[in-house]
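Each chain, written out:
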Amino acid sequence: MPAYKPGIFITGTDTGVGKTVVAAGLAMALKSRGMKVGVMKPVGTGCMEFGKRLICHDSAYLLEAAENEYPPLTSPVRYRHALAPSVAAVLEKREVDLPQIRRSFGELQKNYDFIIVEGIGGLLVPFSKDYFVANLVREFQLPLLIVSKGGLGAINHTLLTIDAAVIRGFEVRGVIFNRMAKTNVSLAEITNPKVIHELSGVPVLGSLPEMDDLDVDTCRYGRLKEIFQERIQVDQIYSVPSLPV
Ligand SMILES: Nc1ncnc2c1ncn2[C@@H]1O[C@H](COP(=O)(O)OP(=O)(O)OP(=O)(O)O)[C@@H](O)[C@H]1O
Ligand SMILES: [Mg+2]
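What counts, and at which threshold
Residues numbered from 1 in each chain as written. Chains lettered and ligands numbered in written order. Predicted model: local features only at pLDDT ≥ 70, side-chain atom pairs only at ≥ 80, totals over all residues. Heavy atoms only, no water. Near = heavy atom within 4 Å. Polar contact = N/O pair within 3.5 Å; in protein donor to acceptor, adjacent residues only side chain to side chain. Areas by Shrake-Rupley, 256 points an atom, 1.4 Å probe, with all protein chains shown as cover. Helix = DSSP H or I, 4+ residues; strand = E, 2+ residues; numbered from the N terminus. Nonpolar A, V, L, I, M, F, W, Y, C, P; charged D, E, K, R; others polar. Donors = N, O, S within 2.8 Å, 3.2 Å for Na, K, Ca; no water. Buried < 20%, exposed > 50% of the residue type's maximum accessible area, 1.4 Å probe, protein only. Phe/Tyr/Trp six-rings, centres within 6.5 Å; stacked < 30°, edge-to-face > 60°. Lys NZ or Arg CZ within 6 Å of the ring centre and 35° of its normal. Axes fitted to C-alpha atoms, helices over the stretch in contact; angles between N-to-C directions. Left-handed = near helix turned anticlockwise from the far one by under 90°. Contact = heavy atoms within 4.5 Å. Parallel < 35°, antiparallel > 145°, perpendicular 65-115°, else oblique.

J.: Hey, could you go over the site of ligand 1 for me, with residue numbers and the actual values?
T.: Neighbouring residues of ligand 1: 18 residues in total, closest Thr15, Lys19, Thr20, Asn178 and Met211. Take Lys41: an N or O atom from its side chain is 3.3 Å from an oxygen atom of ligand 1. In isolation ligand 1 offers 640 Å² of accessible surface; the protein chains occlude 84% of this area. At the level of secondary structure, the elements contributing two or more residues to the shell around ligand 1 comprise α1 (19-31), β11 (172-180) and β13 (214-215). Residues that form the shell around ligand 1 fall into these classes: six nonpolar, five polar and seven charged.

And the structure:
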């Protein structure tokens, strides 16, 4: 089996958990270490229409964070509806163009040292009746980073996602908790990271707090770069030796 490629596939326990924020924070942290980082959101849904063009907020956020030079490769497939790709594909009468996604990923790999791919929702979001986000993880041969909410419910959602990854033979490099309360931190938020690590064996690489002046849709980063570097074990994400699948 081939070794993992230099990069990471960021998935989540759900949609809206903070994959884009984590991907952007990681891109900025790696860039400040002198790495040439490429970013990708293979399928953008809920895109904005500008004339005949569809603009994906996530891609715009990632591109600015990584200062990438090849915008079309980052966002090869876009839909207007905020739906699972398979459903948007039917409504918009356009199948998910997997060959285009593969070509874009290949081009990005040629141009960058390390590729950060943001998944779509979670691992079992469908592109068609027989192709899911997990199939793309397998094709890209990237290890996973899981973004999860910190509070009540996180144990179940995070362990389900880890299970779905492990039964497919994927390496889970770690879990990051997002949007931890700044004040009145709940008991669940305090205890969950240790419990999840003990039950799964997967490293918890840190947590991000609720941040001011940060918004994906309006491309605002606030102190994301600094906070990401302070709170997340960035080295663990990229410097683990390549392992076979
Ligand atoms: N730590 C944070 N502090 C403040 N706002 C945040 C934080 N993390 C995420 N958000 C906001 O929450 C929303 C969802 O975050 P994000 O877009 O990163 O989630 P996602 O998992 O990428 O969602 P999707 O599944 O739609 O791609 C965004 O509006 C973002 O600005
Ligand atoms: Mg996103």
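J.: Outline the coordination of the magnesium ion (ligand 2), supporting the account with residue identities and numerical values.
T.: Only Thr20 (OG1), Asp58 (OD) and Glu118 (OE) from the protein reach the magnesium ion (ligand 2) as donors, at distances of 2.0 to 2.2 Å. Within one chain, the residues serving as donors to the magnesium ion (ligand 2) are arranged as T-x37-D-x59-E. Taken together, the residues Thr20 in helix α1 and Glu118 in strand β7 (residues 114-118) connect sequence positions 98 residues apart. On the basis of relative accessibility, which here comes to 6%, the residue Thr20 falls in the buried class.

J.: Explain the packing of aromatic side chains residue by residue, including any values.
T.: Enumeration according to the criterion identifies three aromatic pairs in this entry. Between the aromatic rings of Tyr61 and Tyr221, the centroid separation amounts to 4.2 Å while the plane-to-plane angle is 15°, which identifies the pairing as stacked. Of the two residues, Tyr61 sits in helix α2 (residues 57-66) while Tyr221 sits in strand β14 (residues 220-221), which places them 160 residues apart along the sequence. Judged on exposure class, the residue Tyr61 and its partner Tyr221 are both buried. One Lys or Arg, Lys36, reaches over the ring of Tyr112 and ends 5.4 Å from the middle of that ring.

J.: Go over the packing of helix α7 (residues 154-166) against helix α8 (residues 187-200), please, and point to the residues and values.
T.: At their nearest, the axes of α7 and α8 sit 10 Å apart, and the two run at 35° to each other. Seen along the crossing, α7 lies across α8 with a hand that is right-handed. Counted together, Ala154, Ile155, Thr158, Leu159 and Ile162 of α7 and Asn192, Val195, Ile196, Leu199 and Ser200 of α8 form the full contact between these two elements. Each residue belonging to the contact of α7 with α8 can be placed in one class, and the counts come to seven nonpolar, three polar and no charged.

J.: Summarise unusual backbone geometry; cite the residues concerned and give the values.
T.: For Glu67, which is not glycine, the phi dihedral falls at a positive 50°. If you trace the backbone, Glu67 turns up in the loop between α2 and α3 (71-74). The exposed category is assigned to Glu67, whose relative accessible area is 58%. Positive phi, normally seen in glycine, also occurs at Lys93, with a value near 55°. With respect to the secondary-structure elements, Lys93 resides in the loop between α4 (85-91) and α5 (98-111).

J.: Explain the packing of α1 against α2 residue by residue, including any values.
T.: It is the contact of α1 with α2, at a shortest axis distance of 8 Å, that shows an interaxial angle of 15°. In terms of orientation, α1 lies roughly parallel with respect to α2. For the crossing formed where α1 meets α2, the hand is right-handed. Between α1 and α2, the residues in contact are Thr20, Val21, Ala23, Ala24, Ala27, Met28 and Lys31 and Asp58, Tyr61, Leu62, Ala65 and Ala66, respectively. The class makeup of the residues in the contact of α1 with α2 is nine nonpolar, one polar and two charged.

Function-wise, these values are silent; they only describe arrangement.
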